[in-house]
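Examining the three-dimensional arrangement
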There are 2 protein chains.
Amino acid sequence: MMQELPSLTLPGVTIESLKARCSTCSMHQLCLPMGLDVGDMDKLDKIIGRRRKVQKGENLFRIGDPFTNLYAIRLGHFKTYQINANGEEQVTGFQMGGELLGMDAISTDRHYCSAMALEDSEVCEIPFASLERLLVDMPTLLRHFHRMMSQEITREQSVMLLLGNMQATQRFAAFLVNLGSRYAARGYSDTAFQLRMSREDIGNYLGLTIESISRLLNKFKKQELLRVSNREVEVLDLPRLKAITAGTETCS
Amino acid sequence: MMQELPSLTLPGVTIESLKARCSTCSMHQLCLPMGLDVGDMDKLDKIIGRRRKVQKGENLFRIGDPFTNLYAIRLGHFKTYQINANGEEQVTGFQMGGELLGMDAISTDRHYCSAMALEDSEVCEIPFASLERLLVDMPTLLRHFHRMMSQEITREQSVMLLLGNMQATQRFAAFLVNLGSRYAARGYSDTAFQLRMSREDIGNYLGLTIESISRLLNKFKKQELLRVSNREVEVLDLPRLKAITAGTETCS
DNA sequence: CGATGATTTGACGACCGTCAAGTCTAGTGG
DNA sequence: CCACTAGACTTGACGGTCGTCAAATCATCG
């Protein structure tokens, strides 16, 4: 349902080749496959600001913060969340290495959501004013930047489908399949991975309670769809999980 | 909760002044307040393609259609919707005059959702390739285009908050308040307007059934929050409706 | 005026949230 | 190394919200 990073899945582009070239940060992973040449890469290097380490539980930015930078995740995982009038959170997404944070802030010059590190992480700051100036001279980068913003729009549409249309079981299956496919796009296993977020965050993201998540994990375990140990997950029957996501496999 | 078009709410810019200047389509309403001069406006005119009428119930585009144009709504209302594996719809938004459609398609060069006219409507086609070429020479327009994409991201985040966090009553109140504020931004009343969409579309959008919408309308009527007659709505107590949206007024 | 689809209303039940208690885990300090 | 603690997670019982189903009523349009 939700999409993989297309830039990481282009044919002939391996994650290793990108890492090798990457001189500064994951932003390059996103640009290289789009056809940036070495000269363009150097220009990009020049505007990319300092690296910044973000400790587990620390906010990269908060709702209402003035907007100056986009952030490319080099390492680690983040969650983004809205806060409603009562101070309750709504998790709007989980982000991992190679993804871009902060695009929601362009519209009002203030961040519209908060971003928190789920583990010790590292980002590259990309001053947006500089980036926008650079875009004028680099049509390829411009194109790619538009694709990334558009992709965030489609990602969120998928979440709306999930929240508006799916039952609890289906939502949770979709969540796992999506995580797996994103790890696969990064060269990791799509069936064995660690959940970087708490049950609470998962539940919040999926519009369910922590208890429901716990029960769903147990149900999937009993059906031999999953092996679960704490935050370690192994998907034993990915096709069936995908069928549940699609709504083909009715209940389970 | 969801946002108004900021470009239509800048101080000193009335909807009339924009309409007067607007030579071709509502895209100009979006650009003028951002500081485009007359020369820039003319350049924009040149790339904007033909107007296109779309009849009620007709699709402007469908999921999977190849992407060539963005569409600026001149007149009328649209809904956008996803379709899941079982062919069920999930309405992801309602759009009105002055709003832009199709930005989700940039990422994959195919439309990621379908758009259908809720009444006889009219749009301007904006060939995206031409627009992107133009953006290179017009930093102001570039800036504005990025704001519009970003705004779509924040809008969707608000819907995620709505679907993930709110109860039925609160969702419906939020929906009405949002509609009102968007009409207000266009120079119409924020308390008396016509619903252009069916109960079914509203329910689908809010993750509720048509029956629930009907009951909610009735409840609000009994509480003297609304006067309702078919699709005609008059909000009698906007502050209280806003309080319900915010979750301040507990149940009602 | 008749027909078709949209909307309303009621009865009922399922799904999932709430509450409460219990268990496990990881991190800390003795 | 173990005891202790706080927080994360699990499990069970119960209830409420909202979905499902069915029937009736109401608009709209040829």
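Check the entry above for the structure.
So, a few notes on the structure that sits alongside this text.

Basis of the calculations
Residues numbered from 1 in each chain as written. Chains lettered and ligands numbered in written order. Predicted model: local features only at pLDDT ≥ 70, side-chain atom pairs only at ≥ 80, totals over all residues. Heavy atoms only, no water. Near = heavy atom within 4 Å. Polar contact = N/O pair within 3.5 Å; in protein donor to acceptor, adjacent residues only side chain to side chain. Helix = DSSP H or I, 4+ residues; strand = E, 2+ residues; numbered from the N terminus. Nonpolar A, V, L, I, M, F, W, Y, C, P; charged D, E, K, R; others polar. Buried < 20%, exposed > 50% of the residue type's maximum accessible area, 1.4 Å probe, protein only. Contact = heavy atoms within 4.5 Å. Phe/Tyr/Trp six-rings, centres within 6.5 Å; stacked < 30°, edge-to-face > 60°. Lys NZ or Arg CZ within 6 Å of the ring centre and 35° of its normal.

Turning our attention to the protein's contact with DNA strand D. Around DNA strand D there are 16 residues in total, and Ser214, Arg215 and Asn218 of chain A together with Ala168 and Ser212 of chain B lie nearest to it. For DNA strand D, the fraction of atoms within 4 Å of the protein that belong to sugar or phosphate moieties is 70%. In this structure, arginine 199 of chain A approaches DNA strand D through a side-chain N or O atom, which is 3.0 Å from a phosphate oxygen. Counting residues per element, the ones that place at least two in the surface near DNA strand D are α8 (210-222) of chain A together with α8 (210-222) of chain B. Of the residues forming the surface near DNA strand D, the biggest block, 4 residues, is contributed by α8 of chain A. Residues of the surface near DNA strand D, tallied by class, amount to 2 nonpolar, 8 polar and 6 charged.

Time to look at helix α7 (residues 199-206) of chain B. All names here are of chain B. With 6 of 8 residues buried, α7 is to be regarded as a mostly interior element. What α7 keeps buried is the set Asp201, Ile202, Gly203, Asn204, Tyr205 and Leu206. Of the surrounding secondary structure, the elements contacted by the buried residues of α7 are β4 (77-83), β5 (89-96), α5 (139-165), α6 (168-185) and α8. In the segment just after α7, glycine 207 is the residue with positive phi, at about 70 degrees.

In this section: the packing of aromatic side chains. Taken as a whole and judged by the stated rule, the model has 20 aromatic pairs over all chains. Judged by centre distance (6.2 Å) and plane angle (40 degrees), the ring pair of phenylalanine 128 of chain A and phenylalanine 145 of chain A falls under tilted. Here phenylalanine 128 of chain A, found in helix α4 (residues 128-137), pairs with phenylalanine 145 of chain A, found in helix α5 (residues 139-165); they are 17 residues apart in sequence, far enough to count as distant. No difference in accessibility class separates phenylalanine 128 of chain A from phenylalanine 145 of chain A, as the two residues are buried. Here the aromatic rings of tyrosine 183 of chain B and tyrosine 188 of chain B are separated by 6.5 Å at their centres, their planes lie at 75 degrees, and the arrangement is edge-to-face. A cation over an aromatic ring shows up here: lysine 79 of chain A above the ring of tyrosine 81 of chain A, its NZ or CZ 5.1 Å from the ring centre.

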